[in-house]
Amino acid sequence: MVLKVFFPSCCSSAESGILIGRWISEQNSAVILAVVHFPFIPVQVKQYLSELQRVTKVNVSVLGSWNNSKQEKEESLSEFLEDLGTIFSHEPWIQISKEGDSKFWSCSTLQKRSNNHREEEIILVYYDQRKVMLSCLHPPLDTAASTAQEAEDASRLSAIFDTVAKSKVLFMTDKYDDGPIKLTHWQSDGVEASIIVELMKQASVPACMLLTFLLSLISGACKSRMLKFWPLSFLWSKLSTCEQLAHRLQHLQVISSNKKAQNQTQLMRKANIFVSLLIDVALGILLMSWLYRKNRIGHLADTLIPVADHVAEELQDLLQWLMGAPAGLKMNRALDQVLGRFFLYHIHLWISYIHLMSPFIEMILWYVGLSACLGLTVALCILSDIVALLTFHIYCFYVYGARLYCLKIYGLSSLWRLFRGKKWNVLRQRVDSCSYDLDQLFIGTLLFTILLFLLPTTALYYLVFTLLRLLVVIVQGLIHLLVDLVDSLPLYSIILRLCRSYRLAAGVKFRVLEQQDGKPLRLLMQINPLSYGSVVQTYRLPTYSCYPKDSWTSLCKKLFLGELIYPWKHKGEKQD
């Protein structure tokens, strides 16, 4: 069986000593973690390794010897390194030797029972210890399509990555420590640290405590009984702004929680939420500064009333067209005049309402613009609610037309069953046979005829106002798609993939280095990063959709039968 030795490239220039690491018997592999230099006392090395095993839960032991002879090969040192195998009981005893500046190393194993050297069937794999320790190996996303061999390879790689990641305590000692043992690893020249990061860690504790206290007050106010009464509870559940604020409040609670992340997924989720909030607030502040510069709020308020008047005039012209002979169609004049005057009266009420509110619109917009400091998503949700309020008359027209059209459709379907001697059984939810007398058939025929001849007029009004309503829903849908994009996009993971791609590992690849006869095969292990699509799919944040999940078939069925398409946000509908 081939012996695979994973050797850290940072230890290639280390002085002679012994190799410590983990032996994986299932794979016949040795993962070298560090080199212990001379001089050392074997008892102290064993004590250090036992303490390291207790802390890291990794079976770390002495695997062999490392000989870095910059001059000619010294027989006495080689014999001494071989004799160390009798002190540290590990089999096989791996011996790696580097002669001078040669890049071709000698690697052999010593079997204590047979007391002979084996130089064949050894693969020396170099790996970047820092990148392997900081990276997170991700399993294949499509586990159903992955083969058994791919799953086995992923488990083998996971064992190597976990060995290096769990040995973080080993890498916290450098050459400046006063301990009895001197090690060489990727941080032996000094532990990586940042003064700014350490100061931010110290400052984050009181900041999180203050934020937790404020959030507890806000949560208590949101859960008070006053918000459970009908008008406030209705507005809280229907307005997109309230739902977005509640969603961001949950994000703040996750960030300010003093509970430590248990795994890499939770840590990345917190980081993604923090960066998403930060960028959201930054974009909101930029929008607010743009709105309050050069009196853009006043210009927006001045153009809002003429636009509302223009929309109302276009609707009046549309209704006048429908009350005549639209596209040459013959309509029921009486019903046409009743519906047209009814909708014209509503438009008159709406224009009066807009002009009544016109002196206060600039002040309302000025205070609404301040909400952009809470984030761009909050400002977009407020914009969606404003669009809903400004087009409320269109929504009313759509509801009136849909209810009238739905009533006629269901009336015609019920009377059609009457002609066939059928009826709808409400208890059993099915169509059963039924016998009708002559009076019932006569009344049914009259009603069917009336509804059938009035249906084209009603259907035309319903069609026109449904198209207008769908136009408004599309505009609101585009706004909420942008909100969902900002809420769900894992920006921290994407930035990490762009700047430090090795942190998000999908697997590894091996590159064959130069070879020489009689020397072990040398491979360089490199990390394959996750693709950007996999990063988004893996770390995408959950969002709250604004619209119910209807298929195109069910949507067309609702439109044909006249059922209402509610654009409201349904509380508790969480989508991943």
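Residues numbered from 1 in each chain as written. Predicted model: local features only at pLDDT ≥ 70, side-chain atom pairs only at ≥ 80, totals over all residues. Heavy atoms only, no water.

### So, helix 14 (residues 491-499)
Buried within helix 14 we find L491, S493, L496 and R497. Buried residues in helix 14 make contact with helix 8 (264-291), strand 13 (504-512), strand 14 (521-529) and helix 15 (532-539). (Buried < 20%, exposed > 50% of the residue type's maximum accessible area, 1.4 Å probe, protein only. Helix = DSSP H or I, 4+ residues; strand = E, 2+ residues; numbered from the N terminus. Contact = heavy atoms within 4.5 Å.)

### Concerning the environment of L304
Relative to the elements of secondary structure, L304 occurs in helix 9 (residues 296-322). With 58 residues separating them along the chain, L304 and E362 place their C-alpha atoms 9.6 Å apart. Discounting chain neighbours no more than four positions away, the residues touching L304 are I361 and L390.

### Looking at a nonpolar patch on the surface
A surface patch of nonpolar side chains, about 600 Å² in accessible area, is lined by F360, M363, I364, W366, Y367 and L370. The topology assignment puts M363 in helix 10 (residues 333-370). M363 sits in the partly exposed class, given a relative accessible area of 46%. (Patch = residues over 30% accessible without salt bridge, like charges linked within 9 Å, V, L, I, M, F, W, Y side chains within 5 Å. Areas by Shrake-Rupley, 256 points an atom, 1.4 Å probe, with all protein chains shown as cover. Salt bridge = Lys/Arg side-chain N within 4 Å of Asp/Glu carboxyl O.)

### Some details on the side chain of T241
Checked against the element boundaries, T241 lands in helix 7 (residues 240-256). The exposure class assigned to T241 is buried, which follows from its relative accessible area of 13%. In terms of polar contacts, T241 uses its side chain to reach the backbone amide nitrogen of I382, at 3.4 Å. Ignoring anything within four residues of it in the chain, the contact list for T241 reads V378, C381, I382 and D385. (Polar contact = N/O pair within 3.5 Å; in protein donor to acceptor, adjacent residues only side chain to side chain.)

### Thoughts on the UniProt feature "transmembrane region" (unreviewed entry) in the chain
According to UniProt, the feature "transmembrane region" (unreviewed entry) maps to residues 203-222, 273-292, 338-357, 364-391, 397-419, 440-464 and 470-495 in the numbering used here. As annotated, residues 397-419 comprises 100% helix and 0% strand, and the C-alpha atoms at either end are separated by 33 Å. Helix and strand shares over residues 440-464 are 100% and 0% respectively, and the end C-alpha atoms of the span are 35 Å apart. (UniProt positions renumbered as here; feature names shortened; annotations may be inferred.)

### Comments concerning the side chain of D336
Within the secondary structure layout, D336 lies in helix 10. Despite its burial, D336 remains without a salt bridge, the nearest opposite charge being carried by R333 at 6.2 Å. Residues in contact with D336, not counting those within four places in the same chain, are L322, M323, G324, M331, T457 and Y461. (Lys, Arg positive; Asp, Glu negative; His and termini not counted.)

### Let's talk about the pairing of strand 4 (residues 60-69)
A large share of strand 4 lies buried, amounting to 10 of its 10 residues. Here six bridges tie strand 2 (residues 17-24) to strand 4, and the two strands are oriented antiparallel to one another. Within strand 4, the residue paired with L19 across the bridge is G64. When strand 4 meets strand 5 (residues 93-99), the two strands line up parallel, connected through six bridges. Each residue of the ladder has a partner; that of G64, found in strand 5, is I94. (Pairing = 2+ DSSP bridges.)

### Describing the packing of helix 12 (residues 392-419) against helix 13 (residues 438-488)
Taken N-terminus to C-terminus, the directions of helix 12 and helix 13 make an angle of 150°; their axes are 7 Å apart at the nearest point. Viewed along their axes, helix 12 and helix 13 adopt a mutual orientation that is roughly antiparallel. Considering how the two elements wind past one another, helix 12 and helix 13 form a crossing that is left-handed. Looking at the contact of helix 12 with helix 13 residue by residue, the class counts come to 25 nonpolar, seven polar and two charged. (Axes fitted to C-alpha atoms, helices over the stretch in contact; angles between N-to-C directions. Parallel < 35°, antiparallel > 145°, perpendicular 65-115°, else oblique. Left-handed = near helix turned anticlockwise from the far one by under 90°. Nonpolar A, V, L, I, M, F, W, Y, C, P; charged D, E, K, R; others polar.)

### Brief notes about the pattern of salt bridges
Under the definition given, this model contains four salt bridges. Its salt-bridge partner being D432, residue R430 comes within 2.9 Å of it at the nearest N-O pair. The class of D432 is buried, set by a relative accessible area of 18%. Each of the salt bridges in this network shares a partner with another, and the network as a whole consists of R248, D280 and D487.

### Concerning the pairing of strand 6 (residues 106-111)
Most of strand 6 sits out of view: five of its six residues are buried. Taking the residues between adjacent antiparallel strands as the criterion, strand 5 and strand 6 are bridged by six residues, where G100 takes a positive phi near 60°.

### Examining unusual backbone geometry
A positive phi angle is found at N28, which is not glycine, with a value near 50°. Position of N28 among the secondary structure elements: in the loop between strand 2 and strand 3 (29-37). For N28, a relative accessible area of 15% puts it in the buried group. Phi is positive for K294, which is not a glycine, with a value near 60°.

### A word on the packing of helix 7 against helix 13
The contact between helix 7 and helix 13 brings their axes to 13 Å, and the two run at 5°. Taken as axis vectors, helix 7 and helix 13 run roughly parallel relative to one another. Mapping the contact onto sequence places S240, Q244, H247 and R248 in helix 7 and H480, V483, V486 and D487 in helix 13. Residues of the contact of helix 7 with helix 13, tallied by class, amount to two nonpolar, four polar and two charged.

### Overview of the environment of L84
Along the chain, L84 falls in helix 2 (residues 75-87). Beyond its immediate chain neighbours, meaning those up to four positions away, L84 contacts I18, F38, F40 and W93.

### Considering helix 7
In this model helix 7 runs 24 Å from its N-terminal to its C-terminal C-alpha over 17 residues, within 8% of the 24 Å that 1.5 Å per residue would give. Here helix 7 has its buried residues at S240, T241, C242, E243, Q244, H247, R248, L249, H251, I255 and S256. (Expected span 1.5 Å × (residues − 1).)

### Here's the deal with the packing of aromatic side chains
Going through the model one piece at a time under the given rule, you end up with 19 aromatic pairs. Consider the rings of F392 and Y395, whose centres lie 6.3 Å apart with planes at 35°: the pair is tilted. With F392 and Y395 both in helix 12 and three residues apart, this pair spans about one turn of that helix. The class for Y395 is buried, based on a relative accessible area of 14%. Ring centres 6.3 Å apart and planes at 40° place the aromatic pair Y461 and F465 in the tilted group. Separated by four residues within a single helix, Y461 and F465 lie in helix 13, roughly one turn from each other. Neither Y461 nor F465 differs from the other in exposure class; each is buried. Members of the aromatic cluster, each reached through a chain of ring pairs, are F342, F343, F397, Y400, Y461 and F465. Sitting over the face of the ring of Y532, R497 holds its NZ or CZ atom 4.6 Å from the ring centroid. (Phe/Tyr/Trp six-rings, centres within 6.5 Å; stacked < 30°, edge-to-face > 60°. Lys NZ or Arg CZ within 6 Å of the ring centre and 35° of its normal.)

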